[in-house]
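Structure assessment
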Amino acid sequence: MSDREYDVILYGASGFVGKQTVRYFQERTRPDEIRWAIAGRNREKLEAVALEVGVDVDILVADSKDETAIDSVVSKTKVLLNTAGPFALYGDKIVDACVRFGTHYVDITGETPWVKRLIDRYHEKAVAEGTRIIPSCGFDSVPSDLGTYLVVNYLREQLGTSCKKVKAYYIANGGFNGGTLASGFNLYDSNQIAEVGDPFLLDGSVEHSFEEIEKNRDPLFPEYDTDTNSWIAPFFMGPINSRVVRRSNALSTGWGESYGQGFTYGEYMKFDSPLAPLEAGLVSGGMLLVGALTQQAPIREFLKSFLPGPGSGPSESVMNGGWFRCELLGFGAEGQRVRGLIADNGDPGNRATVKFLCESALCLALNEAELPNGGILTPATGLGMFSLKGWGRE
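Overview of the structure. Computed from a predicted structure; not experimentally measured.

Some remarks on the nonpolar core
With 68 residues, the main nonpolar core has Val22, Phe25, Trp36, Ile38, Leu80, Leu81 and Tyr105 as its most contacted residues. Here this core gets eight residues from one element, more than from any other, and that element is helix H14 (residues 348–366). Of all hydrophobic cores here, the second largest spans 30 residues; its members include Phe139, Val151, Tyr170 and Ala233.

If you want it as structure tokens, here you go:
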């Protein structure tokens, strides 16, 4: 792909997250290092973003449902970075073009039923041709997936053992943007929400026993965790992140590098204050209530009327004041314990997501020859250790 006109094209650049990716590239890349452009369906909005950010780059126009226009954009670049969601509504022709033209792809989707469709349709072809299609390169699901990958690697390479279990504990503060909420609502509107409950939704053709499935069910209730001596509750992104982590293990197992026999992964919110039991109970109860209410179409429409819509999101002060910590605890096959931490300042759903996504695209563009495998991959299996080089830079 050395003859491509661009290294990276940022698609959806006029959206709330898309605009932040433009600013990130403007601040963090050099013209002699990366050739990039912005794209979307509305030229005027894209021009306004370029003017606001103060960047002079090429602007490409293509509606996500116009196959000819999308083909023209995708064929020009080595990597397509996509922030235009809900991805189940607007991502099909983009990914299809990436697979046909051998263009690597990253996005920030948490729509696991859509990712499963990508696996079913495109995985084998992408494997055969070495094309890396890597969804979920934002806050969902980089900390969970890369964090688990680091813990497993440490156990294997430093302690000489396999991994039996990883538990991830989240503490976070931030806001929601309208695109994220729209993607969540679309899971209900399109009757895909039932699929989300399958713990191994993204494992492809891998078979799992009833016992494995039951052992990997998402937690529903608060509990006191003796491994950390703290109260924990279900993490609302667990049903997304855990599927990605399990796909990483399934793919690694297929490559002869299993995380460990009977490997399990669990994800939680962690509470350490004096009111921790109450907080854990309120979060668990609130999640169950919201899930039940959102099942009802009239309530969904009511929520849409006053929650942030696509193209909107938290204020700059909220995004700058946000933060997250993902604390990981890994258990070796012979009783070893390994602790890991992935943390960042800035709103996790926006600031951290933009950093993760942009550095994933740059990793693909700059390290293409060193990265293994093709297929519908995960951050861990598609990027691995190379992806960590840029995420700590300033």
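Some words on the pairing of strand S3 (residues 58–61)
In the sheet, strand S2 (residues 36–40) pairs with S3 via four bridges, with the strands oriented parallel. Note on S3: the bridge partner recorded for Ala37 is Asp58.

Description of empty space enclosed by the protein
Counted by the stated rule, this structure contains one cavity of 30 Å³ or more. Space inside the largest cavity adds up to approximately 50 Å³. Lining of the largest cavity is provided by Val115, Pro135, Ser136, Leu202, Val244, Arg247, Leu377 and Thr378. Tallied by class, the residues present in the lining of the largest cavity amount to five nonpolar, two polar and one charged.

A short note on the side chain of Arg4
Mapped onto the elements of the fold, Arg4 is located in the segment before strand S1 (6–11). Here Ser75 takes part through its backbone oxygen, which lies 3.5 Å from a polar atom of the side chain of Arg4. In this structure the side chain of Arg4 is engaged in a polar contact, spanning 2.6 Å, whose partner is the backbone oxygen of Phe101.

Regarding unusual backbone geometry
Here the residue pair Gly85 and Pro86 is connected by a cis peptide bond, since its omega of 0 degrees sits within 30 degrees of zero. Inspection of the secondary structure assignment puts Pro86 in the loop between strand S4 (77–82) and helix H4 (87–90). Looking along the chain, the bond that leaves Asp140 and enters Ser141 is cis, with omega of 25 degrees. Examined against the element boundaries, Ser141 turns out to sit in the loop between strand S6 (132–134) and helix H7 (142–157). The phi dihedral of Ser136 falls on the positive side, at around 60 degrees, and the residue is not glycine. We classify Ser136 as buried; its relative accessible area is 5%. With a phi close to 55 degrees, Asn229 is a non-glycine residue in the positive phi region. Assignment of secondary structure puts Asn229 in the loop between strand S8 (223–225) and strand S9 (230–234). In this structure Asn229 comes out as exposed when scored by relative accessible area, which is 56%.

Some remarks on the sheet that holds strand S10 (residues 264–271)
Spatial ordering of the open sheet is given by S8-S9-S10-S7-S11-S12, a layout of six strands whose pairing is mixed. Across the chains shown, the open sheet's two edge strands, defined by having one partner strand only, are S8 and strand S12 (337–345). Each adjacent strand pair in this sheet contributes to an overall mean axis angle of 35 degrees, direction not counted. Sheet topology places strand S7 (residues 163–173) next to strand S11 (residues 323–332); 10 bridges connect them, and they run antiparallel.

Brief notes about the sheet that holds S4
On the basis of which strands lie adjacent, the open sheet formed by seven strands has the order S3-S2-S1-S4-S5-S6-S13 and parallel pairing. The strands lining the two open edges of the sheet, one partner per strand, are S3 and strand S13 (375–376). Seen against the sheet, helix H3 (residues 67–74) touches S1, S2, S3 and S4 and runs at an angle of roughly 120 degrees to S4.

Some details on the pairing of strand S5 (residues 104–107)
Residues His104 and Val106 point to one face of S5 and Tyr105 and Asp107 to the other, with burial holding for every one of them. With four bridges joining them, S4 and S5 adopt parallel strand pairing. Bridging from a neighbouring strand, Leu80 pairs with Tyr105 of S5. Where S5 meets S6, two bridges bridge the pair, whose relative direction is parallel.

What counts and what doesn't
Residues numbered from 1 in each chain as written. Predicted model: local features only at pLDDT ≥ 70, side-chain atom pairs only at ≥ 80, totals over all residues. Heavy atoms only, no water. Core = buried A, V, L, I, M, F, W, Y, C linked by side-chain atoms within 4.5 Å. Buried < 20%, exposed > 50% of the residue type's maximum accessible area, 1.4 Å probe, protein only. Helix = DSSP H or I, 4+ residues; strand = E, 2+ residues; numbered from the N terminus. Pairing = 2+ DSSP bridges. 1 Å grid on protein atoms, 1.4 Å probe; cavity = no way out; pocket = protein on both sides within 12 Å on 5 of 7 lines; lining within 4 Å. Points joined across faces, edges and corners; volume = space filled by probe spheres on them. Nonpolar A, V, L, I, M, F, W, Y, C, P; charged D, E, K, R; others polar. Polar contact = N/O pair within 3.5 Å; in protein donor to acceptor, adjacent residues only side chain to side chain. Axes fitted to C-alpha atoms, helices over the stretch in contact; angles between N-to-C directions. Contact = heavy atoms within 4.5 Å.

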